Amino acid sequence: MQQQHEPASPAAAARVLVVDDDPTVAEVVAGYLDRAGYAVDRAGDGPSALTRAAEHRPDLVVLDLMLPGMDGLEVCRRLRGGGPVPVIMLTARGDEDDRVLGLEVGADDYVTKPFSPRELVLRVESVLRRTRPAAEERPLSAAGLSVDPVARRATKDGTELALTLREFDLLAFFLRHPGRAFSREDLMHRVWGWDFGDLSTVTVHVRRLRGKVEEDPARPLLIQTVWGVGYRFDPAGREADRRA
C-alpha cells in the first residue's frame, strides 16, 4: 500500500534530530518527518546525539527516554546546557514519573509509545510554531515580569529568566489575561493547542514556573490556585504582599 505524502510543513527548513536506539522506530519517525519537509539527522545513543547536535545544531530534538549508556534525561540536560533547543521526549506508556522528570529537566513535550507518527509530526510542528511567533506580537509586562514574544525573552525585575518553551508560553498567556481563572483543560488547549493529553503536565509547568517567578514558590502570590477551577495570574498579589 503506497503511503500518502504529508503536506509541506510551515517550518520546512527546520532541522530535527531523532535519537532512538530502536532502528525501526528511528527509521519510521525520520521517514515521516522527511516527508513533512524537515531536514532529519539520526542518532542511536546519547553520545552520538550530542556529537550530531554539536556538528549541526538542530531546531528540535525527538529524544527517546531509554537509551543505552546515557539515558535521555542526561542527554536532555546536556543539550539544554548548550543553549535553548526544543526537545520532545519519547516515553513508554505508564511511566508517569519519568515523563514528569523529563519535563522538569527541560523537555518541552512528550509522546508515549506506541505512538502515531502522524501525531508526532503534528507535535513537532506545534512546538516549532511556538518558537516562531508573529512579528506583530508586542512585549508584555506586569508585576516586575516582562515577556518579549518575538525575542522569546522573559525577565523578572530586569534579570533574565531561563524558561523552557512551555514555561515561556504559559507565562506569556498569564500576562495577556491577568485576573482571569483558567482550568487546566483551558490552559492545555489555549496555551499549547491540545485537545487531549495528560493534565498533570499543566500542573508540572505551573509548579516549575512558580519556582522561577515567585518570591516564595510555596506561597505563590502571582500564579494563584483557584480551588475547584484551576489557576489565576494576579499581578496585584505581589504588591499587596509588599504593602502588608
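Counting restarts for each chain: residues are numbered from 1 in the order of the written sequence. A pLDDT threshold of at least 70 governs which residues receive local features in this predicted model, and a stricter bar of 80 or more applies before side-chain atom pairs are shown or counted, although totals over entire chains, interfaces and linings include all residues. Heavy atoms throughout the structure, all of them, feed into the side-chain values; hydrogens and water do not.

> In this structure, what is going on with the pairing of strand β12 (residues 230-233)? I would like to understand it.
The two faces of a sheet get side chains in turn, since along a regular strand they alternate between them. In short, DSSP must find at least two bridges between two strands for them to pair. Numbered from the N terminus, helices here are DSSP runs of H or I no shorter than four residues, and strands are runs of E no shorter than two. Across two bridges, the pairing between strand β10 (residues 181-182) and β12 is antiparallel. Bridge pairing in β12 places Phe182 opposite Tyr231. In terms of strand pairing, strand β11 (residues 223-226) meets β12 through four bridges, oriented antiparallel. Note on β12: the bridge partner recorded for Val226 is Gly230. Linking two consecutive strands that pair antiparallel, namely β11 and β12, is a turn of three residues; a positive phi of about 85° is found at Gly228 within it.

> Before we go on, may I ask you to explain the packing of aromatic side chains in this structure?
Each aromatic ring pair is described using two quantities: the centre-to-centre distance and the angle formed by the ring planes. Working definition: a ring pair exists when centres of Phe, Tyr or Trp rings (six-membered ring for Trp) sit within 6.5 Å. Plane angles under 30 degrees give stacked, over 60 give edge-to-face, the rest tilted. Tallied over the entire structure, the rule returns two aromatic pairs. Aromatic pair Phe173 and Phe182: ring centres 4.9 Å apart, planes at 65°, arrangement edge-to-face. Between Phe174 and Phe233, the aromatic rings sit 6.3 Å apart at their centres with planes inclined by 25°, giving stacked as the arrangement. Pair noted here: Phe174 is in helix α6 (residues 165-176) and Phe233 is in strand β12, with a separation of 59 residues, a long-range link. With respect to burial, Phe174 and Phe233 carry one shared label: buried. Throughout this description, the term charge over a ring refers to an Arg CZ or Lys NZ atom that lies within 6 Å of the ring centre and within 35 degrees of the ring normal. Seen from the ring of Tyr32, Arg35 lies directly overhead, with NZ or CZ sitting 4.6 Å from the centre. Only protein chains enter the accessibility calculation, which uses a 1.4 Å probe; a residue is then buried when its area is under 20% of its type maximum, exposed when over 50%, and partly exposed in between.

> Please clarify how the nonpolar core should be interpreted in this entry.
Side chains that are nonpolar tend, in soluble globular proteins, to be buried together. Nonpolar cores were defined as sets of buried Ala, Val, Leu, Ile, Met, Phe, Trp, Tyr and Cys residues, with membership established by side-chain atoms within 4.5 Å. Counting 27 residues, the largest nonpolar core has Leu170, Leu171, Phe174, Leu187, Leu209 and Ile223 as the members making the most contacts within it. Here this core takes seven residues from α6, the largest share from any one element. Beyond its immediate stretch of four places on either side in the chain, Phe174 contacts Leu187, Leu209, Ile223, Tyr231 and Phe233. It only takes one pair of heavy atoms within 4.5 Å for two residues to be counted as in contact.

> Can you help me understand the sheet that holds strand β6 (residues 140-142) in this one?
Across a sheet, strands are paired by hydrogen bonds formed along the backbone, either parallel or antiparallel in direction. Read across the sheet, four strands follow the order β6-β7-β8-β9 without closing on themselves; strand pairing throughout is antiparallel. Edge positions in the sheet fall to β6 and β9 (159-160), since each of these pairs with one other strand and no more. Where strand β8 (residues 153-156) meets β9, two bridges bridge the pair, whose relative direction is antiparallel. Within β9, the position partnered with Lys156 by the bridge is Thr159. Interaxial angle, 0 to 180 degrees, is taken between N-to-C directions of lines fitted to C-alpha atoms, where a helix line uses only the stretch in contact. Against the sheet, α6 contacts β6, β7 (145-148) and β8, and its axis sits at roughly 110° relative to β7.

> Explain helix α1 (residues 23-35) to me, please; I cannot follow it from the model alone.
It helps to recall that an α-helix has 3.6 residues per turn; residues three or four apart then point in one direction. For α1, built from 13 residues, the straight-helix expectation of 18 Å at 1.5 Å per residue is met to within 8% by its first-to-last C-alpha distance of 18 Å. Where α1 is concerned, the buried positions are Val25, Ala26, Val29, Ala30, Tyr32 and Leu33. Down the axis of α1, the buried set is contained in an arc of 165°. They therefore lie on one face. Away from the buried face of α1 by more than 90 degrees, exposed residues Pro23, Thr24 and Glu27 are located. Taking the backbone nitrogen of Thr24 as reference, a side-chain oxygen 3.0 Å away marks Asp22 as the first, capping residue of α1. Just downstream of α1, Gly37 is the residue with a positive phi angle, here 105°. The span you would expect from a helix comes to 1.5 Å times its residue count less one. Regarding the arc, it is the one traced by the directions from the helix axis to the C-beta atoms. Contacts described as polar in this section are N or O atom pairs within 3.5 Å, which, within protein, must combine one atom able to donate a hydrogen with one able to accept it, while residues neighboring in sequence count only if both atoms come from side chains.

> Please clarify how the sheet that holds β11 should be interpreted in this entry.
What the three strands build is an open sheet, ordered β10-β12-β11; its pairing is antiparallel. Because the sheet does not close on itself, it has two edges, and the strands there are β10 and β11. Sheet strands in contact with helix α8 (residues 200-213) are β11 and β12, and its direction is about 140° off that of β11.

> Honestly, the environment of Phe115 in this entry has me stumped. Any pointers?
With respect to the element layout, Phe115 can be found in the loop between β5 (109-113) and α5 (117-130). When the C-alpha atoms of Phe115 and Leu90 are compared, they prove to be 9.0 Å apart, with 25 residues separating the residues in sequence. Every residue in contact with Phe115, bar those within four places of it in the chain, is listed here: Val25, Val29, Leu90 and Leu120.

> Help me understand the packing of helix α2 (residues 46-55) against helix α3 (residues 72-81), please; the structure alone is not making it clear to me.
Geometrically, a packed helix pair is captured by the angle between its two axes and the distance between the axes. Close contact between α2 and α3 brings their axes to 10 Å; oriented N to C, the two are set at 20°. As far as their axial angle goes, α3 and α2 are roughly parallel. For α2 against α3, the interelement crossing comes out right-handed. Together, Gly46, Ala49, Leu50 and Ala53 of α2 and Val75, Arg78 and Leu79 of α3 make up the contact between the two elements. Under the grouping applied here, Gly and all other residues not named as nonpolar or charged are polar, the nonpolar ones being Ala, Val, Leu, Ile, Met, Phe, Trp, Tyr, Cys and Pro and the charged ones Asp, Glu, Lys and Arg. Taken together, the residues that form the contact of α2 with α3 break down as five nonpolar, one polar and one charged. These descriptions rest on fixed angle ranges, namely under 35 degrees for roughly parallel, over 145 for roughly antiparallel, 65 to 115 for roughly perpendicular, and the rest for oblique. Left-handed describes a crossing whose near helix is turned anticlockwise from the far helix through less than a right angle; right-handed describes the clockwise counterpart.

No statement about biological role is implied by the geometric values presented.
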